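Spelled out from the first residue to the last, the chains are:
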Amino acid sequence: MWNLTGNSVYRSEALSRAPPTSRTRVRAAINVGLLIPMHGSAGMFGSSCLACGVLAAEEINAEGGLLGREVHLVPIDGAGHPEDVVDRVDRLVRWEAIDVVAGWHLSHVRRAVAAHLQGQLPYVYSALYEGGERTEGVFLTGETPDRQIVPTMGWLARELGIRRWAVVGDDYLWPRGSMAAVHALTRRLGTEIVDEMYVPLGQENFGAVLHRLARSRADGVLMLLVGQDAVHFNRAYAAAGLDRSMIRLSPLMDENMLLASGFEATRDLYSAAAYFEALTTPSALDLVGRYAARFGADAPPLNSMGESCYEALRLLAALTRKVSSLRVADLLHTDATVGYDGPRGSVHLRNHHLVQDIHLARADGTMFDVVTRL
């Protein structure tokens, strides 16, 4: 078991099931509802997200905390039907048990939580997403298609001649919303979408999808699949021999998914993200060292999903320290002046979104090799 001993920032998830018995003790800290997937297709990311959240909170507290108070984490399961997740968050808001919501979870959950909160609390959403979120009080650290998928497709067209794409995605907001942006932006790249297929979240059988892919004219497959769904697809794709004729591009792929897919299933698989564990910049290497020292050899993979939760808390700290306040109305006025250096390099806010470099990586077995900065 990886090492969570000795931490003072992690509060039991029991807070999400029953009112706190000592509100004075709970309110002595700034309590961050860490909204992360603990089951389902994305559940494989939960441990990495928790570990990175703990590391960020401990580092912030070592710097003096926020507003003179320690940061504590209250883990909340962000998986499942959006209404169920909203209920979990709402209980903690009504009990005044959390001051902030932050973390990595799926886009349809974000949309429901943001609509419910309506700026009551700061909400730092760390996952890549389809773009366009403008709800007051929501700050976003994740990648969007215009800066992630489209530039990657352009690079692959120029460098590898990949111009005809088939799309395989889970059937929910992020894949469909992303494709709306891709269709609008890729015309100038001289690329073509020859087929689009969407499957329910939790899909395990990709037989019909593979049959269509084999008959398509595609040079590449854009995978908009989450977690375990992508693992099942990778295994079936390689078993069908399609990896010999079409590359794959996934904006949501980490080392954990590569390992679960297996060495034989990752040929010509590319990913683009703001962070990879394989980044060799000084700040990225420094995070790898601190993470390993804190959690030991059995720690969950330090992946882009987990690092995004670290990033969310660092952004929260930068925002809060800028105005000495956690009030959404105050934080909104910091947008044009907040920036910092971290594992992703030099980043800053623009229109409540984190502006950051995007890197393209190619799978090398069960690890990533960073190819270029886009």
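Residues numbered from 1 in each chain as written. Predicted model: local features only at pLDDT ≥ 70, side-chain atom pairs only at ≥ 80, totals over all residues. Heavy atoms only, no water.

Chemist: For this particular structure, what's the right way to read empty space enclosed by the protein?
Modeler: Using a probe with the size of a water molecule, rolled over the atoms, empty space left in the structure can be pinpointed. For the structure shown, the criterion picks out two cavities of 30 Å³ or more. One number sums up the size of the largest cavity: a volume of about 100 Å³. Around the largest cavity, the lining comprises 15 residues; the ones closest to its centre are W104, L128, E143, P251 and S304. Listing elements by their share of the lining of the largest cavity, those giving two or more residues are β10 (269–273) and α11 (304–323). (1 Å grid on protein atoms, 1.4 Å probe; cavity = no way out; pocket = protein on both sides within 12 Å on 5 of 7 lines; lining within 4 Å. Points joined across faces, edges and corners; volume = space filled by probe spheres on them. Helix = DSSP H or I, 4+ residues; strand = E, 2+ residues; numbered from the N terminus.)

Chemist: Mind showing me how you'd approach the pairing of strand β11 (residues 339–342) here?
Modeler: The side chains of a regular strand alternate, residue by residue, between the two faces of the sheet. Here β11 shows a buried face lined by Y340 and G342 and an unburied face lined by G339 and D341. Direction of pairing for β11 relative to strand β12 (residues 345–350): antiparallel, over a ladder of four bridges. Looking across to β12, one finds that D341 is bridged to S346. Hairpin remark: β11 followed by β12, antiparallel, with two residues in the connecting loop. (Buried < 20%, exposed > 50% of the residue type's maximum accessible area, 1.4 Å probe, protein only. Pairing = 2+ DSSP bridges.)

Chemist: Would you mind showing me how to read the layout of surface pockets here?
Modeler: What the largest pocket holds in volume is close to 340 Å³. Every residue lining the largest pocket is counted, 20 residues in all, and those nearest its centre are T144, D146, R147, R350 and H353. Those elements that place two or more of their residues in the lining of the largest pocket are α6 (173–185) and β13 (353–355). No other element matches the three residues that β13 contributes to the lining of the largest pocket. Of the residues that constitute the lining of the largest pocket, the class distribution is seven nonpolar, seven polar and six charged. (Nonpolar A, V, L, I, M, F, W, Y, C, P; charged D, E, K, R; others polar.)

Chemist: Hey, could you run me through the sheet that holds β10 in this one?
Modeler: Whenever strands of a sheet pair, they do so through backbone hydrogen bonds, lying parallel or antiparallel. Overall, mixed pairing links the seven strands, which are arranged β7-β6-β8-β9-β10-β14-β15 in an open sheet. Each having just a single partner strand, β7 (192–199) and β15 (367–373) make up the two edges of the open sheet. Going across the sheet, the axis of each strand differs from the next one's by a mean of 25 degrees, ignoring polarity. One ladder, built from five bridges, connects strand β6 (residues 164–170) with strand β8 (residues 220–224); its direction is parallel. Pairing of W165 across the sheet is with G220, part of β8. Contacting β6, β8, β9 (247–250) and β10, helix α8 (residues 227–239) crosses the sheet at an angle of about 155 degrees to β8. (Axes fitted to C-alpha atoms, helices over the stretch in contact; angles between N-to-C directions. Contact = heavy atoms within 4.5 Å.)

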